[in-house]
Amino acid sequence: MKPNKKAKWIIGVSGVAFSAFVLSQFGVEDRTTTDLSQTSQMEQNDQQSVLNNASSSNGEPFADSDGSSFTGRRHTDGTTRRS
Amino acid sequence: MESYIGRFMNTTFSLKVSDDVDKGWKEEMRHWLEYVDREWSRFRTGNELDQLNQAPKGIRLQCSPPLYDVLVMAERYRRLTSGRFSPYLKRAMEHQGYGRSFPFPYADVEEAFTFQLEEHPVLFHGSYTLEKNTDQQLDLGGIAKGYAVQSAAEWLKRHGATYGMVDGGGDMSLWSDGTKAWKIGIADPWEETRVMDVLSLKNKAVATSNRLYRSWQQGKDRKHHLLDGRTGKSVQTKIVQSTVIASHCVDAEVCAKMCFLLKEEELEEWFARHFPSVSYVLVDEDGKVNTNIGRG
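Everything numeric here is computed off the predicted structure, so don't read it as measured data.

Conventions used here
- Residues numbered from 1 in each chain as written.
- Chains lettered and ligands numbered in written order.
- Predicted model: local features only at pLDDT ≥ 70, side-chain atom pairs only at ≥ 80, totals over all residues.
- Heavy atoms only, no water.
- Core = buried A, V, L, I, M, F, W, Y, C linked by side-chain atoms within 4.5 Å.
- Buried < 20%, exposed > 50% of the residue type's maximum accessible area, 1.4 Å probe, protein only.
- Helix = DSSP H or I, 4+ residues; strand = E, 2+ residues; numbered from the N terminus.
- Contact = heavy atoms within 4.5 Å.
- Pairing = 2+ DSSP bridges.
- Axes fitted to C-alpha atoms, helices over the stretch in contact; angles between N-to-C directions.
- Phe/Tyr/Trp six-rings, centres within 6.5 Å; stacked < 30°, edge-to-face > 60°.
- Lys NZ or Arg CZ within 6 Å of the ring centre and 35° of its normal.
- Polar contact = N/O pair within 3.5 Å; in protein donor to acceptor, adjacent residues only side chain to side chain.
- pLDDT = per-residue confidence, 0-100.
- Salt bridge = Lys/Arg side-chain N within 4 Å of Asp/Glu carboxyl O.
- Arc of directions from axis to C-beta.

Undergrad: So what's going on with the nonpolar core? Residues and values would help.
TA: The nonpolar side chains of soluble globular proteins are, as a tendency, buried together. All names here are of chain B. Trp32, Trp40, Leu156 and Phe271 are the most contacted members of the largest nonpolar core, which has 78 residues in total. Considering each element in turn, this core owes the most residues, ten residues, to helix α6 (residues 249-261). Each residue touching Phe271, except ones within four places of it in the same chain, is listed here: Cys255, Met258, Cys259, Leu262, Pro276, Val278 and Tyr280. In this structure, Ile184, Ile186, Met196 and Val289 belong to the second largest nonpolar core, which totals 16 residues.

Okay, here's the thing in C-alpha coordinates:
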(Lines give C-alpha, C1' and ligand atoms only; values in the text may rest on other atoms or scores of the structure.)
Protein backbone atom coordinates (compact mmCIF):
# COMPACT_ATOMS: atom_id res chain seq x y z
CA MET A 1 0.00 0.00 0.00
CA LYS A 2 1.64 3.23 -1.15
CA PRO A 3 1.24 5.98 1.47
CA ASN A 4 -0.97 8.86 0.43
CA LYS A 5 0.61 12.15 1.46
CA LYS A 6 -2.73 13.86 2.08
CA ALA A 7 -4.04 11.12 4.40
CA LYS A 8 -3.47 12.07 8.02
CA TRP A 9 -4.50 8.77 9.52
CA ILE A 10 -3.43 5.34 8.45
CA ILE A 11 -5.53 2.46 9.70
CA GLY A 12 -5.61 -1.22 9.01
CA VAL A 13 -1.96 -2.03 8.50
CA SER A 14 -2.64 -5.69 9.24
CA GLY A 15 -5.19 -5.76 6.44
CA VAL A 16 -2.55 -5.04 3.81
CA ALA A 17 -1.51 -8.69 4.00
CA PHE A 18 -4.96 -9.68 2.76
CA SER A 19 -5.00 -7.86 -0.56
CA ALA A 20 -5.47 -11.24 -2.29
CA PHE A 21 -8.95 -11.35 -0.77
CA VAL A 22 -10.17 -8.01 -2.11
CA LEU A 23 -13.40 -8.76 -3.95
CA SER A 24 -13.16 -5.97 -6.50
CA GLN A 25 -10.14 -7.65 -8.05
CA PHE A 26 -12.46 -10.54 -8.98
CA GLY A 27 -14.95 -8.18 -10.60
CA VAL A 28 -17.59 -9.01 -8.00
CA GLU A 29 -18.05 -5.44 -6.81
CA ASP A 30 -18.68 -4.20 -10.35
CA ARG A 31 -22.20 -5.60 -10.26
CA THR A 32 -23.30 -2.86 -7.92
CA THR A 33 -21.98 -0.14 -10.18
CA THR A 34 -22.96 -1.42 -13.60
CA ASP A 35 -26.46 -1.96 -14.87
CA LEU A 36 -27.70 -4.78 -12.69
CA SER A 37 -30.49 -5.53 -15.12
CA GLN A 38 -27.85 -6.87 -17.49
CA THR A 39 -27.47 -10.04 -15.48
CA SER A 40 -26.14 -12.74 -17.72
CA GLN A 41 -28.29 -15.37 -19.30
CA MET A 42 -25.93 -17.92 -17.79
CA GLU A 43 -27.04 -16.87 -14.32
CA GLN A 44 -30.64 -17.17 -15.34
CA ASN A 45 -30.02 -20.69 -16.61
CA ASP A 46 -28.29 -21.68 -13.40
CA GLN A 47 -31.24 -20.35 -11.46
CA GLN A 48 -33.38 -23.00 -13.10
CA SER A 49 -31.63 -25.55 -10.98
CA VAL A 50 -33.36 -24.02 -7.99
CA LEU A 51 -36.68 -25.38 -6.80
CA ASN A 52 -38.31 -25.71 -10.20
CA ASN A 53 -41.40 -27.08 -8.59
CA ALA A 54 -41.72 -24.45 -5.89
CA SER A 55 -45.12 -23.18 -4.99
CA SER A 56 -45.66 -19.52 -4.24
CA SER A 57 -47.66 -17.58 -1.72
CA ASN A 58 -49.98 -20.43 -0.90
CA GLY A 59 -48.44 -21.52 2.36
CA GLU A 60 -47.86 -25.05 1.09
CA PRO A 61 -44.41 -26.60 1.48
CA PHE A 62 -42.25 -26.82 -1.61
CA ALA A 63 -41.21 -29.90 -3.40
CA ASP A 64 -37.46 -29.89 -3.93
CA SER A 65 -35.86 -29.72 -7.32
CA ASP A 66 -35.78 -33.46 -7.95
CA GLY A 67 -39.50 -33.60 -7.35
CA SER A 68 -39.35 -35.60 -4.15
CA SER A 69 -41.83 -34.78 -1.48
CA PHE A 70 -40.67 -32.80 1.52
CA THR A 71 -39.97 -34.74 4.70
CA GLY A 72 -38.08 -32.23 6.84
CA ARG A 73 -35.34 -34.79 7.47
CA ARG A 74 -33.51 -34.87 4.15
CA HIS A 75 -29.76 -35.11 3.92
CA THR A 76 -28.19 -31.79 3.00
CA ASP A 77 -24.66 -30.48 2.43
CA GLY A 78 -25.45 -27.51 4.63
CA THR A 79 -28.29 -25.37 5.95
CA THR A 80 -28.90 -21.68 5.48
CA ARG A 81 -30.21 -20.12 8.66
CA ARG A 82 -30.48 -16.78 10.39
CA SER A 83 -27.17 -15.02 10.57
CA MET B 1 -13.35 -33.61 -0.75
CA GLU B 2 -11.41 -31.66 1.91
CA SER B 3 -13.03 -29.76 4.73
CA TYR B 4 -12.26 -27.13 7.35
CA ILE B 5 -14.35 -25.95 10.30
CA GLY B 6 -13.59 -22.95 12.48
CA ARG B 7 -15.32 -20.53 14.79
CA PHE B 8 -15.27 -16.91 13.58
CA MET B 9 -17.58 -13.89 13.86
CA ASN B 10 -19.58 -15.54 16.63
CA THR B 11 -20.61 -18.38 14.32
CA THR B 12 -19.29 -21.60 12.79
CA PHE B 13 -17.64 -21.53 9.38
CA SER B 14 -17.68 -24.78 7.45
CA LEU B 15 -15.71 -25.09 4.20
CA LYS B 16 -15.76 -28.04 1.80
CA VAL B 17 -13.64 -28.05 -1.34
CA SER B 18 -12.58 -30.47 -4.05
CA ASP B 19 -9.30 -32.33 -3.58
CA ASP B 20 -7.60 -30.38 -6.37
CA VAL B 21 -7.30 -27.23 -4.24
CA ASP B 22 -3.80 -25.89 -3.54
CA LYS B 23 -2.04 -27.14 -0.43
CA GLY B 24 -2.04 -24.70 2.46
CA TRP B 25 -5.57 -23.49 1.78
CA LYS B 26 -6.74 -24.12 5.33
CA GLU B 27 -4.09 -21.80 6.78
CA GLU B 28 -5.00 -19.09 4.26
CA MET B 29 -8.67 -19.40 5.14
CA ARG B 30 -7.98 -19.34 8.86
CA HIS B 31 -5.84 -16.21 8.57
CA TRP B 32 -8.39 -14.42 6.39
CA LEU B 33 -11.34 -15.25 8.64
CA GLU B 34 -9.40 -14.38 11.78
CA TYR B 35 -8.57 -11.02 10.22
CA VAL B 36 -12.20 -10.18 9.41
CA ASP B 37 -13.31 -11.41 12.82
CA ARG B 38 -10.72 -9.33 14.63
CA GLU B 39 -10.63 -6.14 12.58
CA TRP B 40 -14.22 -5.61 11.41
CA SER B 41 -16.14 -6.36 14.61
CA ARG B 42 -17.98 -3.43 16.22
CA PHE B 43 -17.64 -5.12 19.60
CA ARG B 44 -13.84 -4.79 19.74
CA THR B 45 -11.75 -1.74 20.47
CA GLY B 46 -8.59 -0.75 18.66
CA ASN B 47 -9.32 -2.69 15.50
CA GLU B 48 -9.59 -1.23 11.97
CA LEU B 49 -13.30 -0.51 12.29
CA ASP B 50 -12.93 1.07 15.71
CA GLN B 51 -10.11 3.30 14.49
CA LEU B 52 -12.33 4.43 11.64
CA ASN B 53 -15.23 5.06 14.00
CA GLN B 54 -13.05 7.02 16.43
CA ALA B 55 -11.60 9.21 13.69
CA PRO B 56 -13.00 12.75 13.75
CA LYS B 57 -15.36 14.04 11.09
CA GLY B 58 -13.64 15.70 8.15
CA ILE B 59 -10.45 13.69 8.32
CA ARG B 60 -8.78 11.77 5.50
CA LEU B 61 -7.79 8.22 6.25
CA GLN B 62 -5.83 5.61 4.41
CA CYS B 63 -7.32 2.14 4.90
CA SER B 64 -6.24 -1.39 4.19
CA PRO B 65 -7.37 -2.66 0.76
CA PRO B 66 -10.01 -5.09 2.12
CA LEU B 67 -11.55 -2.51 4.47
CA TYR B 68 -11.63 0.14 1.73
CA ASP B 69 -13.21 -2.34 -0.67
CA VAL B 70 -15.97 -3.43 1.72
CA LEU B 71 -16.72 0.20 2.56
CA VAL B 72 -17.01 1.14 -1.12
CA MET B 73 -19.28 -1.83 -1.67
CA ALA B 74 -21.45 -1.02 1.36
CA GLU B 75 -21.88 2.59 0.22
CA ARG B 76 -22.92 1.44 -3.25
CA TYR B 77 -25.56 -0.84 -1.76
CA ARG B 78 -26.76 2.05 0.40
CA ARG B 79 -27.29 4.17 -2.67
CA LEU B 80 -28.83 1.32 -4.65
CA THR B 81 -31.36 0.71 -1.86
CA SER B 82 -32.15 4.43 -1.40
CA GLY B 83 -30.65 4.31 2.08
CA ARG B 84 -32.66 1.36 3.40
CA PHE B 85 -29.53 -0.75 3.71
CA SER B 86 -26.89 1.20 5.58
CA PRO B 87 -23.53 0.45 7.19
CA TYR B 88 -23.76 3.64 9.27
CA LEU B 89 -25.98 2.23 11.99
CA LYS B 90 -23.66 1.46 14.91
CA ARG B 91 -25.01 4.21 17.17
CA ALA B 92 -28.59 3.55 16.09
CA MET B 93 -28.12 -0.14 16.81
CA GLU B 94 -26.75 0.66 20.28
CA HIS B 95 -29.64 3.04 20.90
CA GLN B 96 -32.05 0.25 20.01
CA GLY B 97 -30.33 -1.76 22.74
CA TYR B 98 -27.97 -3.91 20.65
CA GLY B 99 -24.66 -2.85 22.15
CA ARG B 100 -23.24 -6.25 23.07
CA SER B 101 -22.90 -9.71 21.58
CA PHE B 102 -25.98 -11.86 21.44
CA PRO B 103 -27.84 -13.48 23.15
CA PHE B 104 -29.47 -11.17 25.73
CA PRO B 105 -33.17 -10.89 26.65
CA TYR B 106 -33.45 -7.24 27.75
CA ALA B 107 -31.82 -3.90 26.99
CA ASP B 108 -31.94 -0.62 28.86
CA VAL B 109 -34.05 2.18 27.45
CA GLU B 110 -31.69 4.81 26.05
CA GLU B 111 -32.08 8.58 26.10
CA ALA B 112 -33.69 10.35 23.15
CA PHE B 113 -31.66 9.96 19.99
CA THR B 114 -31.88 11.78 16.69
CA PHE B 115 -30.72 9.77 13.75
CA GLN B 116 -29.48 11.79 10.83
CA LEU B 117 -27.07 10.87 8.06
CA GLU B 118 -25.26 13.13 5.65
CA GLU B 119 -25.85 12.69 1.92
CA HIS B 120 -22.20 11.69 1.46
CA PRO B 121 -21.14 10.21 4.80
CA VAL B 122 -17.88 8.96 3.34
CA LEU B 123 -16.09 10.20 0.23
CA PHE B 124 -13.82 7.74 -1.55
CA HIS B 125 -10.73 9.22 -3.17
CA GLY B 126 -9.02 6.11 -4.55
CA SER B 127 -5.64 4.73 -3.49
CA TYR B 128 -7.44 3.34 -0.43
CA THR B 129 -8.00 6.86 0.89
CA LEU B 130 -11.36 8.04 2.15
CA GLU B 131 -12.73 11.13 3.80
CA LYS B 132 -15.00 10.67 6.77
CA ASN B 133 -17.84 13.16 6.61
CA THR B 134 -20.16 11.98 9.37
CA ASP B 135 -20.39 11.56 13.12
CA GLN B 136 -22.34 8.35 12.61
CA GLN B 137 -20.34 5.18 13.17
CA LEU B 138 -20.05 2.10 11.02
CA ASP B 139 -21.32 -1.37 11.78
CA LEU B 140 -20.37 -3.74 8.98
CA GLY B 141 -22.47 -6.54 10.47
CA GLY B 142 -23.77 -8.96 7.88
CA ILE B 143 -22.01 -7.41 4.93
CA ALA B 144 -18.68 -8.23 6.59
CA LYS B 145 -19.64 -11.87 6.78
CA GLY B 146 -20.98 -11.94 3.25
CA TYR B 147 -17.77 -10.32 2.04
CA ALA B 148 -15.63 -12.79 4.02
CA VAL B 149 -17.56 -15.76 2.59
CA GLN B 150 -17.46 -14.57 -1.01
CA SER B 151 -13.78 -13.58 -0.82
CA ALA B 152 -12.87 -16.97 0.59
CA ALA B 153 -14.79 -18.68 -2.22
CA GLU B 154 -13.13 -16.54 -4.92
CA TRP B 155 -9.69 -17.28 -3.45
CA LEU B 156 -10.37 -21.01 -3.40
CA LYS B 157 -11.62 -20.99 -7.01
CA ARG B 158 -8.46 -19.18 -8.09
CA HIS B 159 -6.37 -21.74 -6.23
CA GLY B 160 -7.63 -24.82 -7.97
CA ALA B 161 -10.86 -25.87 -6.23
CA THR B 162 -13.16 -26.94 -9.05
CA TYR B 163 -16.08 -27.20 -6.69
CA GLY B 164 -16.66 -26.07 -3.15
CA MET B 165 -18.82 -24.55 -0.47
CA VAL B 166 -18.02 -21.79 2.01
CA ASP B 167 -20.65 -21.71 4.73
CA GLY B 168 -20.38 -18.84 7.20
CA GLY B 169 -23.06 -19.72 9.72
CA GLY B 170 -25.69 -20.07 7.02
CA ASP B 171 -24.39 -17.43 4.58
CA MET B 172 -23.00 -19.53 1.77
CA SER B 173 -21.14 -19.38 -1.50
CA LEU B 174 -21.28 -22.51 -3.64
CA TRP B 175 -19.59 -23.39 -6.87
CA SER B 176 -19.42 -26.43 -9.07
CA ASP B 177 -17.72 -27.88 -12.11
CA GLY B 178 -21.22 -28.63 -13.41
CA THR B 179 -21.55 -32.13 -12.05
CA LYS B 180 -21.71 -31.37 -8.34
CA ALA B 181 -25.09 -30.07 -7.12
CA TRP B 182 -25.19 -28.83 -3.54
CA LYS B 183 -28.22 -29.71 -1.46
CA ILE B 184 -28.86 -26.78 0.85
CA GLY B 185 -31.58 -26.85 3.47
CA ILE B 186 -33.52 -23.78 4.55
CA ALA B 187 -33.90 -23.78 8.33
CA ASP B 188 -37.35 -23.48 9.82
CA PRO B 189 -37.51 -19.95 11.29
CA TRP B 190 -38.98 -21.19 14.57
CA GLU B 191 -37.03 -24.46 14.90
CA GLU B 192 -33.55 -24.07 13.52
CA THR B 193 -32.65 -27.75 13.60
CA ARG B 194 -35.58 -28.53 11.28
CA VAL B 195 -35.20 -28.07 7.54
CA MET B 196 -38.28 -26.54 5.93
CA ASP B 197 -37.11 -27.10 2.39
CA VAL B 198 -34.12 -28.11 0.29
CA LEU B 199 -32.51 -26.18 -2.55
CA SER B 200 -30.37 -27.75 -5.24
CA LEU B 201 -27.68 -25.29 -6.30
CA LYS B 202 -24.51 -25.33 -8.40
CA ASN B 203 -23.02 -21.84 -8.73
CA LYS B 204 -24.90 -19.61 -6.34
CA ALA B 205 -24.79 -17.89 -2.99
CA VAL B 206 -27.43 -18.06 -0.27
CA ALA B 207 -28.11 -15.91 2.78
CA THR B 208 -30.86 -16.01 5.37
CA SER B 209 -32.00 -13.26 7.73
CA ASN B 210 -34.34 -13.85 10.61
CA ARG B 211 -35.74 -11.35 13.11
CA LEU B 212 -36.77 -13.91 15.76
CA TYR B 213 -33.41 -14.87 17.29
CA ARG B 214 -31.68 -11.48 17.46
CA SER B 215 -34.57 -9.78 19.20
CA TRP B 216 -34.97 -8.38 22.69
CA GLN B 217 -37.23 -6.38 24.95
CA GLN B 218 -36.41 -2.69 25.44
CA GLY B 219 -38.90 -1.15 27.85
CA LYS B 220 -42.32 -1.79 26.40
CA ASP B 221 -41.01 -2.37 22.90
CA ARG B 222 -39.88 -5.53 21.17
CA LYS B 223 -36.72 -4.77 19.14
CA HIS B 224 -34.73 -6.72 16.57
CA HIS B 225 -31.48 -6.23 14.69
CA LEU B 226 -32.89 -5.35 11.26
CA LEU B 227 -32.84 -1.56 11.18
CA ASP B 228 -34.07 0.73 8.44
CA GLY B 229 -31.07 2.82 7.39
CA ARG B 230 -33.33 5.84 6.82
CA THR B 231 -34.76 5.92 10.35
CA GLY B 232 -32.28 3.97 12.48
CA LYS B 233 -35.14 1.96 13.97
CA SER B 234 -36.15 -1.71 13.87
CA VAL B 235 -38.33 -2.21 10.83
CA GLN B 236 -41.95 -3.21 11.37
CA THR B 237 -42.84 -6.17 9.18
CA LYS B 238 -44.80 -9.41 9.19
CA ILE B 239 -41.86 -11.27 7.66
CA VAL B 240 -39.90 -13.35 10.14
CA GLN B 241 -37.35 -14.94 7.80
CA SER B 242 -35.99 -14.30 4.34
CA THR B 243 -33.72 -16.56 2.32
CA VAL B 244 -32.15 -15.14 -0.83
CA ILE B 245 -30.35 -16.96 -3.61
CA ALA B 246 -28.04 -14.71 -5.64
CA SER B 247 -24.92 -14.87 -7.75
CA HIS B 248 -22.68 -13.84 -4.87
CA CYS B 249 -22.93 -13.75 -1.12
CA VAL B 250 -22.83 -9.98 -0.57
CA ASP B 251 -25.79 -9.55 -2.91
CA ALA B 252 -27.57 -12.36 -1.06
CA GLU B 253 -26.86 -10.80 2.33
CA VAL B 254 -28.06 -7.33 1.35
CA CYS B 255 -31.09 -8.64 -0.54
CA ALA B 256 -32.11 -10.81 2.43
CA LYS B 257 -32.25 -7.61 4.50
CA MET B 258 -34.13 -5.81 1.74
CA CYS B 259 -36.90 -8.40 2.00
CA PHE B 260 -37.61 -6.94 5.45
CA LEU B 261 -37.04 -3.33 4.49
CA LEU B 262 -39.30 -3.19 1.45
CA LYS B 263 -43.05 -3.22 1.65
CA GLU B 264 -44.52 -6.51 0.51
CA GLU B 265 -46.11 -4.90 -2.54
CA GLU B 266 -42.75 -3.37 -3.56
CA LEU B 267 -40.72 -6.56 -3.42
CA GLU B 268 -41.36 -8.13 -6.79
CA GLU B 269 -40.88 -4.94 -8.78
CA TRP B 270 -37.77 -3.88 -6.84
CA PHE B 271 -36.06 -7.22 -7.31
CA ALA B 272 -37.09 -7.39 -10.98
CA ARG B 273 -35.52 -3.97 -11.53
CA HIS B 274 -32.31 -4.28 -9.50
CA PHE B 275 -31.60 -7.98 -9.04
CA PRO B 276 -33.56 -9.84 -11.72
CA SER B 277 -31.76 -13.14 -11.19
CA VAL B 278 -32.23 -13.14 -7.42
CA SER B 279 -34.71 -15.56 -5.86
CA TYR B 280 -36.24 -15.24 -2.43
CA VAL B 281 -38.16 -17.44 -0.02
CA LEU B 282 -39.99 -15.50 2.68
CA VAL B 283 -41.84 -16.77 5.74
CA ASP B 284 -44.23 -14.47 7.58
CA GLU B 285 -45.34 -14.61 11.21
CA ASP B 286 -48.36 -16.73 10.28
CA GLY B 287 -46.07 -19.30 8.67
CA LYS B 288 -47.13 -18.35 5.16
CA VAL B 289 -44.42 -18.80 2.51
CA ASN B 290 -43.92 -16.36 -0.35
CA THR B 291 -41.37 -16.97 -3.09
CA ASN B 292 -40.59 -15.69 -6.56
CA ILE B 293 -39.03 -19.03 -7.49
CA GLY B 294 -40.84 -20.50 -10.41
CA ARG B 295 -42.35 -17.20 -11.49
CA GLY B 296 -41.66 -15.77 -14.92
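Undergrad: Report on the sheet that holds strand β5 (residues 122-124) of chain B, specifying residues and quantitative values.
TA: Spatial strand order, β1(A)-β3(B)-β6(B)-β5(B): four strands in an open sheet with mixed pairing. Edge positions in the open sheet fall to β1 (9-10) of chain A together with β5 of chain B, since each of these has one partner strand only. By the bridge criterion, two bridges tie β1 of chain A to strand β3 (residues 60-62) of chain B in an arrangement that is parallel. In the sheet register, Ile10 of chain A faces β3 of chain B, and the bridge partner there is Gln62 of chain B. Running at roughly 115 degrees to β5 of chain B, helix α3 (residues 65-80) of chain B makes contact with β5 and β6 (129-132) of chain B of the sheet.

Undergrad: Give me the lowdown on the packing of aromatic side chains, citing residues and values where you can.
TA: Counted under the stated rule, the structure contains 18 aromatic pairs over all chains. Between Trp270 of chain B and Phe271 of chain B the ring centres are 5.2 Å apart and the planes differ by 85 degrees, which places this aromatic pair in the edge-to-face class. No difference in accessibility class separates Trp270 of chain B from Phe271 of chain B, as the two residues are buried. An aromatic cluster is present here, built from Phe18 and Phe21 of chain A together with Trp32, Tyr35, Trp40, Tyr147 and Trp155 of chain B joined pairwise through their rings. In this arrangement the basic side chain of Lys180 of chain B is found over the ring face of Trp182 of chain B, its NZ or CZ atom lying 4.5 Å from the centre.

Undergrad: Give a detailed account of the sheet that holds strand β13 (residues 221-224) of chain B, specifying residues and quantitative values.
TA: Residue and element names in this part refer to chain B. One open sheet accounts for three strands, arranged β4-β12-β13; its pairing is mixed. Looking at strand neighbours, the two that pair on one side only are β4 (106-107) and β13, the edges of this open sheet. Judged from the four bridges that link them, strand β12 (residues 215-218) and β13 form a sheet pairing that is antiparallel. Bridge pairing links Trp216 to Lys223 in β13.

Undergrad: Account for the side chain of Asp139 of chain B, with residues named and values stated.
TA: Residue and element names in this part refer to chain B. When you line up the elements, Asp139 lands in the loop between β6 and α5 (141-158). One polar contact links Asp139 to Arg42, side chain to side chain, over a distance of 3.2 Å. Those residues in contact with Asp139, other than ones at most four positions away along the chain, are Arg42, Pro87, Leu89, Lys90 and Met93.

Undergrad: Can you break down the confidence of the model for chain B residue by residue, with the values?
TA: Scored by pLDDT, chain B has a mean of 91; 99% of the residues are at 70 or more. Here the complex is predicted with pTM 0.85, and the ipTM for its interfaces comes to 0.83.

Undergrad: Which residues make up the pattern of salt bridges, and what are the values?
TA: All names here are of chain B. A complete count under the given rule lists 19 salt bridges over all chains for this structure. In this structure, the salt-bridge partner of Glu75 is Arg79, at a minimum N-O distance of 3.1 Å. Taken as a pair, Glu75 and Arg79 lie in helix α3 at a separation of four residues, close to a single helical turn. You can call Glu75 buried: its relative accessible area is 5%. A relative accessible area of 42% means that Arg79 is categorised as partly exposed.

Undergrad: Please provide a residue-by-residue account of the environment of Lys204 of chain B, values included.
TA: Take Lys204 of chain B: it is sitting in strand β11 (residues 204-210). Counting along the chain gives eleven residues from Lys204 of chain B to Thr193 of chain B, while the straight-line C-alpha distance between them is 23 Å.

Undergrad: Now, about helix α7 (residues 264-274) of chain B: what can you tell me, with residues and values included?
TA: Residue and element names in this part refer to chain B. Where α7 is concerned, the buried positions are Leu267, Trp270, Phe271 and His274. Down the axis, α7 shows its buried residues gathered within 95 degrees of arc, on one side only. Of the residues in α7, the exposed ones pointing more than 90 degrees away from the buried face are Glu265 and Glu269. Packed against the buried residues of α7 are α3, α6 and β17 (279-284).

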